[in-house]
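Overview (structure and organization)
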Amino acid sequence: MNQKFLGNQRAFLFLLFFISGFSGLIYESIWTHYLKLFLGHSAYAQTLVLAIFMGGMAIGAWLCSRLSLRWKNLLLLYALAEGVIGLAALLFHPVFVHLTDHAFSSVIPALDTPLQIQIYKWGLASLLVIPQSILLGMTFPLMSSGLIRLFPEKRGGSIAMLYFTNSLGGATGVLVSGFLTIRLLGLDGTILLAGTINILLALTVWWLYRQPPVITVAEVPPRHDAATPHLFRVLLAVALLTGTASFIYEITWIRMLSLVLGSSTQAFELMLSAFIFGLAGGGLWIYRRIDTLTDTLSYLAKVQIVMGLSALATLPLYGQTFQLMQGLMSVVEPDESGFVAFNLASHGIAMLIMFPTAFCAGMTLPLITYSLIKQGVGERAIGAVYGANTLGAIVGIMLAIHLGLPLLGIKGTLLTGALIDIILGLYLLGIYRREKRSKKFVWVASSSLAATLVVAIGVELSPHAMASGVYRTGTVLTEDQQVLAYRDGKTATISLTKTEAGVYSIRTNGKVDASITMREGTPPQFDEVTMTLLAAIPSLIYPEAKQVANIGFGSGMTSNVLLANPNIAHLDTIEIEPAMVATAKAFQPFNDRVFNDPRSHIHIDDAKTFFSSQQKKYDIILSEPSNPWVSGVAGLFSREFYSNSKRHLNEGGVLAQWLQVYEFDMPLLVSTLNAVMAEFQHITVYAVDHGDLLILASDQPVPDLPDQPFSIEEFNRELARIGVSSAEDLRLRWLGDREFIAPLLENYPTPANSDYFPYVDQHAAKARFLGRKA
């Protein structure tokens, strides 16, 4: 077999693994979308989805580490794994829809306790993706070991290049699915595309390697000297801990950059791809050097230290990104080309923060694996290291979301990750390589720890910048606007700001969710008009409503106005982020009833999860989430959400849906209205202010507003505060009913917003940037 053919064969396998990485990250993205539809978008659900995916991959890698030496034709097994993944993808959507519909309609209502419901949902979610995740976890060890058997003289380079090509494919897959295929094909079409790619990939590898390939050089047999088991354990621990640190970085950076780039789905895809591009760059760098290194452990130690220091450097650098975004927003035009420039620049900012550290992270796995192979551990090192690193990623995700961000904040969490990598590097350099007494080691150790101390003490993240929503306003809050509270929650960063005029605003990732004028004698904000009327109009039309649910806490004012109606016997207010509720206490007395009225019950949960687990029915369900361009929120404006809400309404009950018309366009508005009208026979639309609509939807005709407002003084006082003193003040806000609106919708060939074809999620961020108004 000539060298040219062998070189071409090796390059072709690298190309195939690029394609495998492309489809693999599509699966991660799409499965996350699907499982969040079932589990909800809470922090626990997000953690679980990642844990299921990463856990399955860790199991697959571990199986390869235990069994690969027994298998003769690893590339044929690789083809089999890719083929089964592809076939499972072709079946995933119908299986998911059938099983989850059955769960919501039959199984969950029959379970007795919330714990039983959660265990069932988590178990079903795991069954849906763990088999494929295990197979995905096997692909890297199988391809790597198969390639090493073919080219054992280039073992380090093969591992590094496979890591590079797979990561590069993954970063490309994130961008293509996030910006193209989901928009054109929906979730089900995108997963079908990925499945088709895997099947074609499997058939190609099977055709080429259905017979065991000829091994050009015999593999170095595993050694069993006394040092190897100890080194094996040490480096597995390093792989696990550096995986923990890397995912602490990723989770923390995504939260940091959400305050600069925004928290849309597209912004998240840009951040994720920047991280993976960094991993790919590190793999390519070490590919050109790894087989010539004389001491891979010392090199690994230095990489770990540099990685920790690079992560530290992102904290002082982070403050400059707000100025970069401010400058960008001042020069780009709110048009199509400006939107492209905005996304390209956003990706550049994400790369600036993430790339250097991720570049170092991309070198660690090849170095750890090759170090063990050189010591005679054999090809089982590949699966073992990959599995340990993936397990560490799960630990990092759990620590960052549930402990780090809520308890330590952004700065403390990132410092923790950096210390892990620096200490690992110093351990390898000083203890394991026995250099701890050298002057060089003392200088490196003291400099690294001094840098950590300087950043920990000297770098302060500006709450004014982080609360500003610069990606939306183009400005950073000035010093005359006070930041009264700042909390890094599990799902978002919540802040409370105050202007000189006494206007308090509660913000999610910098975006204002509600504003109230707290100074007595000053006119109310538009938000106060919206929040009051969202509660008042349904209460006036359905005065006998007793069981009410309100989705979204915000300032708490909407729920407070609802509770001014003494006929309401029970109000459930559902909020996904506990920091939102804690911060909103500053709005008292405008939300006193929410916290003190015995009829009020606050639930920290995702709305879909809450409804499915509680199995309660309501007379009014009021949906007042954040704006649809925020990642995950568009699912509360989908046909499936409205169908599920209808199941939780009493006969004659009404869904009261808030909907913006600012930073929105007509196709988005039509898509949302189509979704509502696909599930409800009757709708009525009110304009509660210049930028917000209230849609009342029911399966029975929606009554007109009464001729007279409530006779309850407390309720009328809430209306009077916003200038409403008569029924006529409310009736003039009526826009139309289904019969009036339907002809308008026919002029727009826009599909109904759906969980599986998320039209609103895919287009709302662009409408926000362009400043459209429906």
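Worth saying up front: this structure is predicted, and the values here are computed from it rather than measured. (Residues numbered from 1 in each chain as written. Predicted model: local features only at pLDDT ≥ 70, side-chain atom pairs only at ≥ 80, totals over all residues. Heavy atoms only, no water.)

**Some details on the overall build of the chain**
Selection rule: Secondary structure is summarised from DSSP: a helix means a run of H or I of at least four residues, a strand means a run of E of at least two, and numbering begins at the N terminus for each. Just to be clear, the radius of gyration here is over C-alpha atoms, and the globule rule we use is 2.2 Å times residues to the power 0.38. Partly exposed describes any residue whose relative accessible area lies between the buried limit of under 20% and the exposed limit of over 50%, with all areas from a 1.4 Å probe on protein chains only and scaled to the type maximum. Any pair of residues with heavy atoms lying within 4.5 Å of one another is described as a contacting pair.
For the chain, the helix and strand inventory stands at 24 helices and 12 strands. Computed over the C-alpha atoms, the radius of gyration of the chain is 28 Å, within 12% of the 28 Å expected from 2.2 N^0.38 for a compact globule of 774 residues. Taken along its principal axes, the extent of the C-alpha atoms in the chain is 90 × 55 × 50 Å. When each of the 774 residues of the chain is scored for burial, the buried share is 61%. Partitioning the contacts of the chain with sequence separation of at least 6, the portion at a separation of at least 24 is 79%.

**A short note on the sheet that holds strand E5 (residues 547-551)**
Note the following rule: The pairing criterion for strands is at least two bridges between them, as found by DSSP. To obtain each axis, a line is fitted to C-alpha atoms, and for helices this fit is confined to the stretch in contact; angles are then taken between N-to-C directions over 0 to 180 degrees.
Spatially, the eight strands line up as an open sheet ordered E7-E6-E5-E8-E9-E11-E10-E12, and their pairing is mixed. With one partner strand each, in any of the chains shown, strand E7 (600-604) and strand E12 (734-737) form the two edges of the open sheet. Averaged over neighbouring strand pairs, the angle between their axes works out to 15° when direction is ignored. In this fold helix H14 (residues 526-541) packs onto strand E8 (618-623), strand E9 (649-660), strand E10 (682-689) and strand E11 (692-698), with an angle of close to 145° to the strand it touches most, E10.

**Describing the sheet that holds strand E1 (residues 482-488)**
Pairing within the open sheet is antiparallel, and its four strands lie in the order E1-E2-E3-E4. In this open sheet, the two edge strands, each paired with only one partner strand, are E1 and strand E4 (511-517). Put simply, the sheet's adjacent strands are angled 15° from each other on average, direction ignored. Direction of pairing for E1 relative to strand E2 (residues 493-498): antiparallel, over a ladder of six bridges. Bridge pairing in E2 places Val-483 opposite Thr-497.

**Observations concerning the nonpolar core**
We count it as follows: Buried Ala, Val, Leu, Ile, Met, Phe, Trp, Tyr and Cys residues that are joined via side-chain atoms within 4.5 Å together make up what is termed a nonpolar core.
One finds Leu-235, Leu-261, Phe-322 and Met-354 to be the most contacted residues of the largest nonpolar core, which totals 158 residues. When neighbours within four sequence positions are excluded, Phe-322 is seen to be in contact with Leu-259, Val-260, Ala-465, Met-466, Ser-468, Val-470 and Val-476. Membership of the second largest hydrophobic core comes to 94 residues, among which are Ala-536, Phe-553, Met-557 and Ala-584.

**Brief notes about the packing of helix H3 (residues 74-110) against helix H5 (residues 155-209)**
As a reminder, the rule being used: Angular relationships are summarised with four words: roughly parallel below 35 degrees, roughly antiparallel beyond 145, roughly perpendicular across 65 to 115, and oblique for the angles in between. Handedness of a crossing follows from how the near helix is turned relative to the far one, being left-handed for an anticlockwise turn of less than a right angle and right-handed for a clockwise one. Amino acid classes used here: Ala, Val, Leu, Ile, Met, Phe, Trp, Tyr, Cys and Pro are nonpolar; Asp, Glu, Lys and Arg are charged; the rest, including Gly, are polar.
The contact between H3 and H5 brings their axes to 7 Å, and the two run at 160°. In terms of axis orientation, H3 runs roughly antiparallel to H5. In this structure, H3 meets H5 at a crossing whose hand is left-handed. Counted by class, the contact of H3 with H5 contains 17 nonpolar, six polar and two charged residues.

**Digging into the pairing of E5**
Note the following rule: Here is how to tell: hold the view so the strands point away, follow the path from the first strand over the helix to the second, and if it runs clockwise the crossover is right-handed.
Burial analysis of E5 places four of its five residues in the buried class, the great majority of the element. Pairing analysis gives five bridges linking E5 to strand E6 (residues 570-575), with the strands arranged parallel. Paired with Ile-551 across the strands is Ile-574, a residue of E6. The handedness of the E5 to E6 crossover, carried by helix H15 (residues 557-562), is right-handed. As defined by bridge partners, E5 adjoins E8 across four bridges and the pair is classed as parallel. Looking at the pairing, Ile-551 lines up with Ser-623 of E8.

**Let's talk about the packing of aromatic side chains**
Aromatic ring pairs: the centre-centre distance and the angle between the two ring planes describe each pair. In plain terms, the rule: Classification of ring pairs uses Phe, Tyr and Trp, with its six-membered ring standing for Trp, and accepts pairs whose centres are within 6.5 Å; under 30 degrees between planes counts as stacked, over 60 as edge-to-face, and the remaining range as tilted.
According to the stated counting rule, one finds 28 aromatic pairs in the structure shown. On the numbers, 6.0 Å between centres and 40° between planes, the contact of Phe-17 with Phe-140 is tilted. One end of the pair, Phe-17, is in helix H1 (residues 3-39); the other, Phe-140, is in helix H4 (residues 114-150), and 123 residues separate them in sequence. Plain terms: the ring middles of Phe-339 and Phe-769 are 5.6 Å apart, the flat faces sit at 50° to each other, and that makes the pair tilted. Placement of the pair is Phe-339 in helix H9 (residues 336-374) and Phe-769 in helix H24 (residues 759-770), with a sequence separation of 430 residues. Considered together, Phe-339 and Phe-769 belong to a single accessibility category, that of buried residues.

**Thoughts on a nonpolar patch on the surface**
Threshold: Each patch is built from salt-bridge-free residues with over 30% relative accessible area, joining like charges within 9 Å and nonpolar side chains (Val, Leu, Ile, Met, Phe, Trp, Tyr) within 5 Å. Values of accessible area rely on a 1.4 Å probe in the Shrake-Rupley scheme; residue burial ignores everything except the protein chains shown. Think of a salt bridge as a Lys or Arg side-chain nitrogen and an Asp or Glu carboxyl oxygen that are within 4 Å of each other.
A cluster of nonpolar side chains, namely Phe-12, Leu-15, Trp-206, Trp-207 and Leu-208, defines an oily patch on the protein surface of about 530 Å² accessible area. Of all the secondary structure elements, the ones that give two or more residues to the nonpolar patch are H1 and H5. It is H5 that contributes the most residues to the nonpolar patch, three residues altogether. Here Leu-208 is to be found in helix H5.

**Observations concerning the environment of Ser-539**
Defined as follows: Polar contact criterion, stated in full: a pair of N or O atoms within 3.5 Å, where within protein one must be able to donate a hydrogen and the other to accept it, and residues adjacent in sequence count only if both atoms are side-chain atoms.
Secondary-structure assignment places Ser-539 in helix H14. Remark: the alpha-carbon pair of Ser-539 and Ile-568, spanning 29 residues in sequence, is separated by 9.1 Å. At a separation of 2.8 Å, a polar atom in the side chain of Ser-539 contacts the main-chain carbonyl oxygen of Ala-535.

**Details of the pattern of salt bridges**
Summed over all chains, the structure comprises 15 salt bridges. Arg-149 is paired through a salt bridge with Glu-379; the nearest N and O atoms lie 2.6 Å apart. Of this pair, Arg-149 sits in helix H4 while Glu-379 sits in the loop between H9 and helix H10 (380-432), and the two are 230 residues apart along the sequence. Of the residues examined, Glu-379 reaches a relative accessible area of 3% and is grouped as buried. Residues Lys-646 and Glu-679 are paired through a salt bridge, measuring 3.8 Å at the closest nitrogen-oxygen approach.

**Thoughts on helix H19 (residues 639-647)**
Quick note on the threshold: What the arc measures is the spread of directions leading from the helix axis to the C-beta atoms.
Turning to H19, its buried residues are Phe-641, Tyr-642, Asn-644 and Ser-645. In a view along the axis of H19, the buried residues occupy a sector of 160°, so they form one face of it. Considering only its buried residues, H19 is in contact with E5, helix H18 (607-614), E8, E9 and helix H20 (666-679).

**Description of the pairing of E11**
Counting buried residues in E11 gives seven out of seven residues, a clear majority hidden from the surface. Along E11, one buried face is formed by Asp-692, Leu-694, Leu-696 and Ser-698 and the opposite face, lined by Leu-693, Ile-695 and Ala-697, is buried too. Looking at chain direction, E10 and E11 are connected through seven bridges and run antiparallel. Along E11, the bridge assignment pairs His-682 with Ser-698. Where E10 folds back onto E11 in an antiparallel hairpin, the turn is made up of two residues.

**A look at the confidence of the model for the chain**
Definition in use: Across the chain, each position has a pLDDT score giving the predictor's confidence in that residue, from 0 to 100.
Summary statistics for the chain give a mean pLDDT of 89 and a share of 95% for residues scoring 70 or more. In this model, residues 1-6 is a region of pLDDT below 50 whose contacts with residues beyond four sequence positions or in other chains number five contacts. Counting contacts from residues 216-226, a segment whose pLDDT is below 50, to residues more than four positions away or on other chains yields 20 contacts.

**Here's the deal with the side chain of Thr-684**
Among the structural elements, Thr-684 can be located in strand E10. For Thr-684, the contacting residues outside a window of four places in its chain are Leu-694, Ile-695, Leu-696, Val-702, Trp-734, Gly-736 and Asp-737.

**Considerations on the environment of Asn-591**
Locating Asn-591 in the fold gives a position in the loop between helix H16 (578-584) and helix H17 (592-596). C-alpha of Asn-591 to C-alpha of Val-561: the two residues are 30 residues apart in sequence and 8.2 Å apart in space. With residues up to four places along the chain from it excluded, the contact list for Asn-591 reads Ser-555, Gly-556, Met-557, Asn-560 and Ala-584.

**Examining the packing of H3 against H4**
Axis separation between H3 and H4 bottoms out at 10 Å; the angle between their running directions is 170°. Taken together, H3 and H4 sit at an angle that is classed as roughly antiparallel. Among the residues forming the contact of H3 with H4, the class breakdown is 25 nonpolar, four polar and three charged.

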